[in-house]
Amino acid sequence: MNETKKLKGRDLITIGIFSALYFILNLAAMITGFVPVLWLLLPGVAGVLTGIPFMLMGSKVQKPGAILIMGLITAVLYFVTGQFTVLLLITFAVACILSEAYRAITKYDNRFIHMAISFILFCYGMLGSPLAIWVYKDSFLTQIQQNGMSAEYVESLSGLISVPMLIALCISPIVGGAIGALISKGLFRKHFRKARIV
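The model shown is predicted, which means the values in this text are computed figures rather than measured ones.

Q: So what exactly am I meant to see when it comes to the overall build of the chain here?
A: Assigned secondary structure in the chain consists of 10 helices and zero strands. Listed N to C, the secondary structure of the chain is α-α-α-α-α-α-α-α-α-α in terms of helices and strands. Relative to the compact-globule value of 16 Å for 198 residues, the chain shows a C-alpha radius of gyration of 17 Å, a close match. Oriented by its inertia axes, the alpha-carbon framework of the chain measures out at about 55 × 30 × 25 Å. Looking at the chain alone, contacts between residues at least 24 apart form 80% of all its contacts between residues at least 6 apart. Just so you have it, the chain exposes about 10,200 Å², and 70% of that area is on carbon and sulfur atoms. Once the 16 positive and 7 negative side-chain charges of the chain are each reduced to a mean point, those two points are 19 Å apart.

Q: What should I look at first to understand the packing of aromatic side chains in this one?
A: By convention here, two paired aromatic rings are described through the distance between centres and the angle between planes. What the rule picks out here adds up to six aromatic pairs. Their ring planes at 70 degrees and their centres at 5.3 Å tell us that Y22 and F122 sit as a pair that is edge-to-face. Separated by 100 residues along the polypeptide, Y22 in helix 1 (residues 9-31) and F122 in helix 6 (residues 112-123) bring together distant segments of the chain. Taking relative accessible area as the criterion, Y22 reaches 2% and is therefore assigned buried. A residue is classified by how much of its surface remains accessible, and F122, at 1% relative accessible area, is buried. An angle of 65 degrees between the planes, with centres 5.8 Å apart, marks the rings of F92 and F122 as edge-to-face. Within this pair, whereas F92 is found in helix 5 (residues 86-105), its partner F122 is found in helix 6, the two being separated by 30 residues in sequence. With relative accessibility at 2%, the residue F92 sits in the buried group.

Q: Would you mind going over unusual backbone geometry with me for this structure?
A: Residues other than glycine predominantly adopt negative phi, and peptide bonds predominantly adopt the trans conformation. Notably, K107 is not glycine yet its phi reads approximately 55 degrees, a positive angle. Note that K107 resides in the loop between helix 5 and helix 6.

Q: Sorry, what's going on with the nonpolar core here?
A: Across soluble globular proteins, nonpolar side chains have a tendency to be buried as a group. Of all hydrophobic cores here, the largest spans 29 residues; its most connected members are F54, M55, M57, M70, F122 and M126. Counting only elements with at least two residues in this core, the list comes to helix 1, helix 3 (42-60), helix 4 (66-80), helix 5, helix 6 and helix 10 (163-192). For this core, the leading source of residues is helix 3, giving seven residues. Not counting chain neighbours up to four residues away, the residues in contact with M55 comprise F112, M115, A116, F119, A181, S184 and F188. Residues L141, I144, Y153 and L157 belong to the second largest nonpolar core, which totals 16 residues.

Conventions we followed
Residues numbered from 1 in each chain as written. Predicted model: local features only at pLDDT ≥ 70, side-chain atom pairs only at ≥ 80, totals over all residues. Heavy atoms only, no water. Helix = DSSP H or I, 4+ residues; strand = E, 2+ residues; numbered from the N terminus. Rg over C-alpha atoms; globule rule 2.2 N^0.38 Å. Contact = heavy atoms within 4.5 Å. Areas by Shrake-Rupley, 256 points an atom, 1.4 Å probe, with all protein chains shown as cover. Lys, Arg positive; Asp, Glu negative; His and termini not counted. Charge placed at Lys NZ, Arg CZ, Asp CG, Glu CD. Phe/Tyr/Trp six-rings, centres within 6.5 Å; stacked < 30°, edge-to-face > 60°. Buried < 20%, exposed > 50% of the residue type's maximum accessible area, 1.4 Å probe, protein only. Core = buried A, V, L, I, M, F, W, Y, C linked by side-chain atoms within 4.5 Å.

Have a look at this one:
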């Protein structure tokens, strides 16, 4: 590997900082899950909120492994906080690999379209969280009620489980990721470039 493409200490610090910001904003997206329909569209909601740290990190660290490390840090933080399930682990791992692979195929081109597609692929990582309700429906509903969710919430959530909602869930990373990327693009132009952050 070319020396300039190797991750250095400064790169790892940058990845760590933006990964922490990504995790905090992702948690904020999960909090919106108190509204059942927003929880079922979590990957899209997270995409809207987390575009900035992902796009900034990708702009500053244009090297192999950056996205995989960001994904690993996020996974570890979720595991420590007890939020990671096997299903989420699988979708998150696949999404990180696809996002990293796309960056490699495009030779870490920083044009907006490539960054946005990489981010959208990364957004699919959160698919495993709401997808669990389709995979483990009865046991999952029982579990969240035992964990403190009200009967009204569980009933409302159960009523939303349908094929159209599943399709909406699968499309949500594209919509939310695109919105999050566009928000980042606007901020890059108006604020970040002026502040010489990127």
